[in-house]
Each structure stands twice: as structure tokens, then as C-alpha cells.
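This is what each chain is made of:
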Amino acid sequence: MFKFKRLKYTYYRCLNLNTYLIIRTKQRDGMIIHNATFMVERQMGAEFLNWFAPLAHKAAAEGRAHLSVLREAGNINKKRGEEELHSVGADEEPLSVAFQVEFESVEDMDKWIGSRLRPLAAAFERRYVNAGMIFTSVSERIF
């Protein structure tokens, strides 16, 4: 699992440009946002959402959580500079559900991961062992 530590500088990687942007940060500049994206086979989507939504609601930090389903994905066309989006929903594409929670500090996030996210992730992995996956990321809000 990725361990985020607040340092004097925060590094943000721009994937399309394969470069790094370095921004000087202070101890409490912005909220810490933890994203856990849960992916399941598309045909299991309705059953998954019925099972997952109440569990995510219980695991959420009060008033600071969001649950959303990916509708479109894309990239910037390097030649034309235009955004190219495609609808997500074909049978062969997985259902992606983002569970985002905001925290005042990395320490608060770490406590939440240990007490709420790990049990939720373990339940997901038991139930969807061969039909799902989870990936996580941590961001710091700049503005």
C-alpha cells in the first residue's frame, strides 16, 4: 500500500507529459483526499452497488465522503490538443466506483484506513475474489 508522508515539498506527476511538478507545501495547507476505486465485472454492477453502498456509507468519515461511478474516461489527444472521451459501460469494461474521503491530516487518514477501510477492503476481496480489484491514491487539495 502507498504510504503518503507530508514533506516540505509535494511531488505531483503529470502522467501524459511524464514530468514532475514540485509545489512547496506547509503542514496544513489542504485537505488530504483518499480515493479507493473498486472495480467489478460489469454484469455484477447492480448487485455490487446494492451490497457496497451501505457498507461504504458506514465506513465513511461523517460528512466528508463521496461515492461515484465512472461514466466517461479519456485522454488528451497530443496531436490535436483535444480531449477524447468515451462512454464507459460496454459489457467488457468493468464497473468502477470511486470512494473518496477527505481528512484534515495524514494521521487522521491513517487511523481511518486501519479502522474502516481495511475491513471494507477485506470484505470486498472475500466476496469478489476473482471478479474485482481495488486501487488507491492519496491527494492533497491545492485549492
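Residues numbered from 1 in each chain as written. Predicted model: local features only at pLDDT ≥ 70, side-chain atom pairs only at ≥ 80, totals over all residues. Heavy atoms only, no water.

**Student:** Give me the lowdown on the pattern of salt bridges, citing residues and values where you can.
**Tutor:** Within the structure shown, the criterion is met by three salt bridges. Ionic pairing is found between Glu47 and Arg127, a salt bridge with its closest N-O pair at 2.5 Å. Linking Glu47 in helix H1 (residues 45-59) with Arg127 in helix H2 (residues 106-127), this pair joins segments that are 80 residues apart in sequence. Judged by relative accessible area, Glu47 falls into the partly exposed class, the value being 34%. Arg141 is paired through a salt bridge with Glu102; the nearest N and O atoms lie 3.9 Å apart. Residue Arg141 is located in the segment after strand E8 (132-140), and its partner Glu102 is located in strand E7 (residues 95-103); the two are separated by 39 residues in the primary sequence. Of the residues examined, Arg141 reaches a relative accessible area of 36% and is grouped as partly exposed. You can call Glu102 buried: its relative accessible area is 18%. (Salt bridge = Lys/Arg side-chain N within 4 Å of Asp/Glu carboxyl O. Helix = DSSP H or I, 4+ residues; strand = E, 2+ residues; numbered from the N terminus. Buried < 20%, exposed > 50% of the residue type's maximum accessible area, 1.4 Å probe, protein only.)

**Student:** Provide a residue-level description of the sheet that holds E8, including the pertinent values.
**Tutor:** Overall, antiparallel pairing links the four strands, which are arranged E4-E7-E3-E8 in an open sheet. Of all strands in the sheet, those bounded by a partner on one side alone are strand E4 (65-69) and E8. On average, adjacent strands in this sheet sit at an angle of 15 degrees to one another, irrespective of strand direction. Bridging between strand E3 (residues 32-40) and E7 involves nine bridges; their strand directions are antiparallel. Bridge pairing in E7 places Ile32 opposite Phe103. (Pairing = 2+ DSSP bridges. Axes fitted to C-alpha atoms, helices over the stretch in contact; angles between N-to-C directions.)

**Student:** Summarise the nonpolar core; cite the residues concerned and give the values.
**Tutor:** Across soluble globular proteins, you tend to see nonpolar side chains buried next to one another. Counting 26 residues, the largest nonpolar core has Phe38, Phe48, Phe52 and Phe99 as the members making the most contacts within it. Of all elements in the fold, only E3, H1, E7 and H2 reach the threshold of two or more residues within this core. Here this core gets eight residues from one element, more than from any other, and that element is H2. (Core = buried A, V, L, I, M, F, W, Y, C linked by side-chain atoms within 4.5 Å.)

**Student:** Run through H2, naming residues and quoting values.
**Tutor:** The end-to-end C-alpha distance of H2 is 29 Å, a good match for the 32 Å that 22 residues give at a rise of 1.5 Å each. Ile113 marks the point of greatest bend in H2, at about 45 degrees. Here H2 has its buried residues at Val106, Met109, Trp112, Ile113, Leu117, Leu120, Ala121, Ala123 and Phe124. (Expected span 1.5 Å × (residues − 1). Bend = angle between axes of the 7 residues up to and from the residue.)

**Student:** Outline the packing of H1 against H2, supporting the account with residue identities and numerical values.
**Tutor:** Remark: H1 packs on H2, axes separated minimally by 10 Å, with the N-to-C direction vectors making an angle of 165 degrees. Considering their axes alone, H1 and H2 lie roughly antiparallel with respect to each other. The handedness of the crossing between H1 and H2 comes out as right-handed. Taking contact as the criterion, the partners of Glu47, Phe48, Trp51, Phe52, Leu55, Ala56, Lys58 and Ala59 in H1 are, on H2, Trp112, Arg116, Leu120, Ala123, Phe124 and Arg127. Among the residues forming the contact of H1 with H2, the class breakdown is 10 nonpolar, no polar and four charged. (Parallel < 35°, antiparallel > 145°, perpendicular 65-115°, else oblique. Left-handed = near helix turned anticlockwise from the far one by under 90°. Contact = heavy atoms within 4.5 Å. Nonpolar A, V, L, I, M, F, W, Y, C, P; charged D, E, K, R; others polar.)

**Student:** Explain the pairing of E3 residue by residue, including any values.
**Tutor:** Burial analysis of E3 places nine of its nine residues in the buried class, the great majority of the element. Because side chains alternate across E3, one face comprises the buried residues Ile32, His34, Ala36, Phe38 and Val40, and the other comprises Ile33, Asn35, Thr37 and Met39, equally buried. When E3 meets E8, the two strands line up antiparallel, connected through nine bridges. For His34, the partnering residue across the bridge sits in E8 and is Val138.

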